[in-house]
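Summary of structural features
Read off the chains here:
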Amino acid sequence: MKNLFSLTCGILFGIGLSLSGMTNPQVVLGFLDLFGNWNPMLIFVMASAVPITFIGYRIVLSRKQQPLCDNEFYLPVKKSIDGKLILGAVIFGTGWGLSGLCPGPAVASLSSLQPKVFGFVLAMIMGMVIVDYLIKPIKKDH
């Protein structure tokens, strides 16, 4: 049941990304091109997504019940801004700005069969593997 629910949510998320144009890297790159052919579409996507997410979180978390398909909610406990967060944000922002893709839209864009998208997803997976197998074990030793 949990896997079916996760798959359904992922499909709905991918459809939403496609309908909003966020799977098209040119839309994102156009938003970042402030002094060229600027495309404000991303502002409208964010302006609709943020309030809906805010309200959704408030409703779900106010019920004080466990999630439908798990034993608990997994929310961030760390509240401070540190070097790892800043470095991660810089790497994420650089990749997003250079390619016009971030993880969700990249996975949803795999169906386009564009080599650029496959290269991005491969690089993203390699980055996750590097962190999991090289950086995390080093942190445990200290």
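My aim in this report is to walk through the structure given alongside it, one point at a time. In this text the structure is predicted, and so the values were computed from the model without any measurement.

Moving on, we get to the overall build of the protein. The helix and strand inventory of the protein stands at six helices and zero strands. The linear arrangement of helices and strands in the protein, starting from the amino end, is α-α-α-α-α-α. Reported as C-alpha extents along the three principal axes, the dimensions of the protein are approximately 45 × 40 × 30 Å. When burial is assessed residue by residue, the protein has 17% of its 142 residues classed as buried. Summing over all exposed atoms, the protein offers an accessible surface of approximately 11,000 Å²; the carbon and sulfur share of this is 72%. Placing the 11 positive and 6 negative side-chain charges of the protein at their respective mean positions leaves the two points 6 Å apart.

Attention shifts here to the pattern of salt bridges. Inspection of every chain in the model, using the stated rule, returns two salt bridges. Notably, a salt bridge pairs K2 with D70, separated by 3.5 Å at the nearest N-O pair. Here K2 is found in helix α1 (residues 2-20), whereas its partner D70 is found in the loop between α3 (41-62) and α4 (83-99), with 68 residues between them in sequence.

With that out of the way, let us pick up a nonpolar patch on the surface. A cluster of nonpolar side chains, contributed by I125, M128, V129, I130, V131, Y133, L134 and I135, occupies part of the molecular surface with about 750 Å² of accessible area. Position of V129 relative to the elements: it lies in helix α6 (residues 115-141). Judged by its relative accessible area of 40%, V129 falls in the partly exposed class.

Once that is clear, we can look at α4. Here α4 is 17 residues long and its end C-alpha atoms lie 24 Å apart, about the 24 Å a rise of 1.5 Å per residue gives. A positive backbone phi angle near 80 degrees is found at G100, which sits one or two residues after α4.

This part takes up the environment of L7. With respect to the helices and strands, the residue L7 is situated in helix α1. In this structure the C-alpha to C-alpha distance between L7 and R58, which are 51 residues apart in sequence, comes to 24 Å.

Relative orientation of the contacting elements helix α2 (residues 25-32) and α4 amounts to 110 degrees, with a least axis distance of 8 Å. The angle between α2 and α4 falls in the class roughly perpendicular. In this structure, α2 contributes P25, V28, L29 and L32 to the contact, and α4 contributes W96, G97, L98 and S99.

Okay, the packing of aromatic side chains next. Considering all chains together, one arrives at two aromatic pairs under this definition. Seen from their ring centres, F31 and W38 are 6.2 Å apart, and the 35 degrees between their planes marks the pair as tilted. W38 sits in the partly exposed class, given a relative accessible area of 37%.

The next point concerns the side chain of S109. Looking at the secondary structure, you find S109 in the loop between α5 (103-108) and α6. Under the relative-accessibility criterion, S109 is labelled buried at 5%. For S109, the contacting residues outside a window of four places in its chain are T23, L101 and V117.

Rules of the game
Residues numbered from 1 in each chain as written. Predicted model: local features only at pLDDT ≥ 70, side-chain atom pairs only at ≥ 80, totals over all residues. Heavy atoms only, no water. Helix = DSSP H or I, 4+ residues; strand = E, 2+ residues; numbered from the N terminus. Buried < 20%, exposed > 50% of the residue type's maximum accessible area, 1.4 Å probe, protein only. Areas by Shrake-Rupley, 256 points an atom, 1.4 Å probe, with all protein chains shown as cover. Lys, Arg positive; Asp, Glu negative; His and termini not counted. Charge placed at Lys NZ, Arg CZ, Asp CG, Glu CD. Salt bridge = Lys/Arg side-chain N within 4 Å of Asp/Glu carboxyl O. Patch = residues over 30% accessible without salt bridge, like charges linked within 9 Å, V, L, I, M, F, W, Y side chains within 5 Å. Expected span 1.5 Å × (residues − 1). Axes fitted to C-alpha atoms, helices over the stretch in contact; angles between N-to-C directions. Parallel < 35°, antiparallel > 145°, perpendicular 65-115°, else oblique. Contact = heavy atoms within 4.5 Å. Phe/Tyr/Trp six-rings, centres within 6.5 Å; stacked < 30°, edge-to-face > 60°.

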